[in-house]
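# Residue-level structure breakdown
What follows is the residue order along each chain.
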Amino acid sequence: MRVDLHQNLIASDAAIEAAALVESCVHCGLCSSVCPTYEVLENELDSPRGRIYLIREALQGGQATATTRAHLDNCLSCKACETACPSGVQYGHLIDLGQQVINEQQSRPFWHRATRSAIRTLMTSRPALNTLARIGWSLKPYLPQRLRSQVPNRPQHAEWAEPKHARKALSLSGCVQPVFTPGHDAALSLLLDRFGVSLVKASDGGCCGALNQHLDAPEAAKAAMRRNIDAWWPHIELGAEAILSSSTGCGAQLKDYGYLLRDDANYALKAARVSSMVRDPGEFINALWDEKPLSLKPLAEGEERLAFHVPCSLRNSLRAKVQVETILRRAGYTLTPVKEEHMCCGSAGAYSLLQPDRSEELLSRKLKHLLQGKPSRVVSANVGCIMHLQKSSPLDVGHWLELIAMRLPKEEMAHA
Ligand code: SF4
Ligand code: SF4
């Protein structure tokens with residue numbers, strides 16, 4: 001698909017790069033069959049191919065319309081389209097660049113900018129998020145049911161395994177997890193400990209950069225990435241063997257550091273090294289389990305049927321769905337069939353806040369399919385998906401890491 005860049009854009013790096021990505025598309029439309037927004041909205045302009053056409057128009061016309069922006073904003077950035085594309089179009093990068101070019105052409109309406117800025121500030125500031133969480137927890141008992149379900153439960157204190165092994169992996173603290181689900185990382189540390197690997201809290205409690213990246217603040221995203229790299233680097237030089245995040249959305253962002261900082265003279269090489277060390281916990285633990293099977297307490301009766309919600313980031317970016325499923329089966333679980341497994345649950349970073357109606361529609365559809373196989377509970381691998389599903393699920397929704405860590409035999413937990 002040829003692109004003749006508008007003269008106003010010939011000096012824009014983002015436009016030049018976006019044009020090259022658009023040109024790799026042969027507009028076959030194979031990607032539409034897996035696109036959740038095309039499935040729900042039934043509009044070609046809400047399919048990957050349609051959005052690529054819109055980005056091309058903006059690149060050639062030099063000016064995007066409000067309609068172009070709306071269709072691009074409808075995208076979940078789930079990257080399901082990348083998995084179906086025979087031409088290897090890097091759609092995930094293209095949608096970010098397309099948004100950036102459009103923002104360079106004309107700024108968003110005030111209300112859009114204010115909402116996005118508020119979400120970025122709240123979610124990436126630990127003190128602000130802590131305050132918001134405390135207010136939510138104290139008001140929760142007095143809220144009407146519909147609002148009460150929107151407030152996540154107050155988490156219990158979660159103890160990490162002591163870092164005592166020579167083999168080390170590094171963790172990302174993240175922004176939401178330490179406040180709402182500290183048990184996810186703690187469970188990861190306990191599991192790794194059994195395999196003789198210590199999980200080191202090396203990053204300083206910051207965000208991976210994804211929220212800023214997808215909410216029109218690419219420079220703030222880069223600042224977060226550099227800060228994490230600086231925190232990890234001394235440990236990398238001392239021989240840490242992997243970087244893990246218990247949240248697949250963050251893991252997908254970490255995997256992209258090399259690409260996102262490729263033009264940064266001071267960080268490009270370090271960022272590429274960091275990306276090469278990122279593993280999903282499923283991938284890392286599965287390989288450890290191959291070497292040494294994990295001993296677990298037996299499953300209680302009636303607990304073996306699990307519905308596994310595969311986050312888009314696990315399937316389409318980290319490509320580690322099979323490894324997590326293998327671990328769950330090794331641990332004795334039966335995975336119930338889930339229809340439309342490729343469909344996003346509607347969480348998608350800040351999508352549930354920015355597009356609540358569409359997000360709810362995707363959530364109901366996902367829950368219906370997850371519950372159809374009559375599981376005893378639902379598990380997933382991404383904090384956003386877990387909190388989003390739990391709002392409406394009649395069953396417990398948790399992280400697979402916690403589920404397995406809870407079955408570690410007591411006598412081996414003296415250190416925990
Ligand atoms: S599958 Fe790939 S090449 Fe075909 S239309 Fe979609 S993005 Fe373009
Ligand atoms: S990223 Fe997801 S929602 Fe966006 S076009 Fe691709 S498949 Fe559709």
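The structure this text deals with has already been given above.
Cut-offs applied
Residues numbered from 1 in each chain as written. Chains lettered and ligands numbered in written order. Predicted model: local features only at pLDDT ≥ 70, side-chain atom pairs only at ≥ 80, totals over all residues. Heavy atoms only, no water. Pairing = 2+ DSSP bridges. Helix = DSSP H or I, 4+ residues; strand = E, 2+ residues; numbered from the N terminus. Buried < 20%, exposed > 50% of the residue type's maximum accessible area, 1.4 Å probe, protein only. Polar contact = N/O pair within 3.5 Å; in protein donor to acceptor, adjacent residues only side chain to side chain. Patch = residues over 30% accessible without salt bridge, like charges linked within 9 Å, V, L, I, M, F, W, Y side chains within 5 Å. Areas by Shrake-Rupley, 256 points an atom, 1.4 Å probe, with all protein chains shown as cover. Salt bridge = Lys/Arg side-chain N within 4 Å of Asp/Glu carboxyl O. Phe/Tyr/Trp six-rings, centres within 6.5 Å; stacked < 30°, edge-to-face > 60°. Lys NZ or Arg CZ within 6 Å of the ring centre and 35° of its normal.

### Description of the sheet that holds strand 3 (residues 242–244)
Strands sit in the order 2-1-3-4 across an open sheet of four strands; the sheet is parallel. Edge positions in the sheet fall to strand 2 (197–200) and strand 4 (278–279), since each has one partner strand and no second. Two strands pair when backbone bridges link them, and strand 3 and strand 4 are joined in this way by two bridges, in the parallel orientation. Each bridged residue has a counterpart across the sheet, and for L244 the counterpart in strand 4 is R279.

### Description of the environment of T65
Inspection of the secondary structure assignment puts T65 in the loop between helix 3 (48–61) and helix 4 (66–73). We classify T65 as partly exposed; its relative accessible area is 43%. Sequence-wise, T65 and I102 are 37 residues apart; in three dimensions their C-alpha atoms are separated by 8.8 Å. A polar side-chain atom of T65 sits 3.0 Å from a polar atom in the side chain of T68.

### Structural notes on a nonpolar patch on the surface
On the surface, a cluster of nonpolar side chains totalling about 360 Å² of accessible area is made up of I135, L139 and Y142. Turning to its location among the elements, L139 is positioned in helix 8 (residues 126–139).

### Some words on the packing of aromatic side chains
Two aromatic rings are characterised by how far apart their centres lie and by the angle between their planes. Counted according to the given criterion, the structure contains three aromatic pairs. The cationic tip of K201 hangs over the ring face of W160; the distance from NZ or CZ to the ring centre is 4.6 Å. Between R262 and the ring centre of Y259, over which it is positioned, the NZ or CZ distance is 4.0 Å.

### Things to note about unusual backbone geometry
Although it is not a glycine, E42 adopts a positive phi angle of roughly 50°. In this structure, E42 sits in the loop between helix 2 (36–41) and helix 3. With relative accessibility at 67%, the residue E42 sits in the exposed group. With a phi angle near 65°, D216 is a residue other than glycine that sits in the positive phi range. Tracing the sequence through the fold places D216 in the loop between helix 12 (210–214) and helix 13 (218–237).

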